[in-house]
Amino acid sequence: LEYSIRAVARIVPRHPAVQYLIAGEGPLRSQSEKLIHELGMENHIHLAGPLPSAEIKELMNKAHIFLLASVTASNGDQEGIPGSLKEAMATGLPVISTRHSGIPELVQDGISGLLVPERDVDALAEKCEYLIQHPQRCMEMGRAGRKFVEENFEISKLNQELVELYTQSLETLDK
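Bear in mind that the values here come from a model prediction, so they are computed numbers and not experimental data. (Residues numbered from 1 in each chain as written. Predicted model: local features only at pLDDT ≥ 70, side-chain atom pairs only at ≥ 80, totals over all residues. Heavy atoms only, no water.)

Q: What am I meant to see in the overall build of the protein chain here?
A: Within the protein chain one finds eight helices and five strands. In sequence order, the secondary structure elements of the protein chain are arranged as α-β-α-β-α-β-α-β-α-β-α-α-α. Counting only C-alpha atoms and orienting by the principal axes, one finds that the protein chain spans roughly 70 × 40 × 30 Å. For the protein chain, the residues scored as buried account for 35% of the 175 residues in total. Accessible surface, the protein chain as shown: approximately 10,300 Å² in total, 54% of it carbon and sulfur. For the protein chain, the distance from the average site of its 17 positive side-chain charges to the average site of its 25 negative ones is 4 Å. (Helix = DSSP H or I, 4+ residues; strand = E, 2+ residues; numbered from the N terminus. Buried < 20%, exposed > 50% of the residue type's maximum accessible area, 1.4 Å probe, protein only. Areas by Shrake-Rupley, 256 points an atom, 1.4 Å probe, with all protein chains shown as cover. Lys, Arg positive; Asp, Glu negative; His and termini not counted. Charge placed at Lys NZ, Arg CZ, Asp CG, Glu CD.)

Set out below in structure tokens:
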């Protein structure tokens, strides 16, 4: 969260209407609260804590951009493809994220969203500013992201593919 918080803090002086809401809970909350305070961003960056899925969906429907700056942990741990990123894309939000683990398999850089290197605050801020200044690109990326998620991550389609794999495996065993 540190990198997205710092990036938002850099664009607020030029875009004072920007609001960044972070949903969820975790061990970095107090550290994030402290950083938000140090940067004087209490009126622009908000830690909402855990929210029910219906409220998350409502917030995504009101949002303009989804920002998720994933990084590799100091112990080498990485997340796969974040579910929240898929959910945001499914709602038609343009996304800004990092080249981290499986994220580039989900986000088509420049088509359904924008990707930057991990821990690159300048690049995150630059991409946020770009989307703020180009609302038409937001709409295009949002549509492309929704289409990509529908085509590649829709649950009934994935279930059918799994059934087909099992069927093929059973047929191979029978031979």
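Q: Sorry, what's going on with unusual backbone geometry here?
A: Residues other than glycine predominantly adopt negative phi, and peptide bonds predominantly adopt the trans conformation. Located in the positive-phi region is serine 101, a residue other than glycine, with phi close to 45°. With respect to the helices, strands and loops of the structure, serine 101 is situated in the loop between strand S4 (95-98) and helix H5 (103-106). The exposure class of serine 101 is partly exposed, given its relative accessible area of 35%. Of note in the backbone geometry, arginine 119 takes a positive phi value of approximately 65° without being a glycine. Topologically, arginine 119 is positioned in the loop between strand S5 (113-116) and helix H6 (121-133).

Q: Is there a simple way to explain the packing of H6 against helix H7 (residues 135-153) in this structure?
A: A pair of packed helices can be characterised by two numbers: the angle between their axes and the separation between those axes. Contact geometry of H6 with H7 gives a least axis separation of 5 Å together with a crossing angle of 100°. If you check the angle between H6 and H7, you find them roughly perpendicular. Here Tyr130, Leu131, Ile132 and Gln133 of H6 come into contact with H7, specifically with Pro135, Arg137, Cys138 and Met141. In the contact of H6 with H7, the residues fall into six nonpolar, one polar and one charged. (Axes fitted to C-alpha atoms, helices over the stretch in contact; angles between N-to-C directions. Parallel < 35°, antiparallel > 145°, perpendicular 65-115°, else oblique. Contact = heavy atoms within 4.5 Å. Nonpolar A, V, L, I, M, F, W, Y, C, P; charged D, E, K, R; others polar.)

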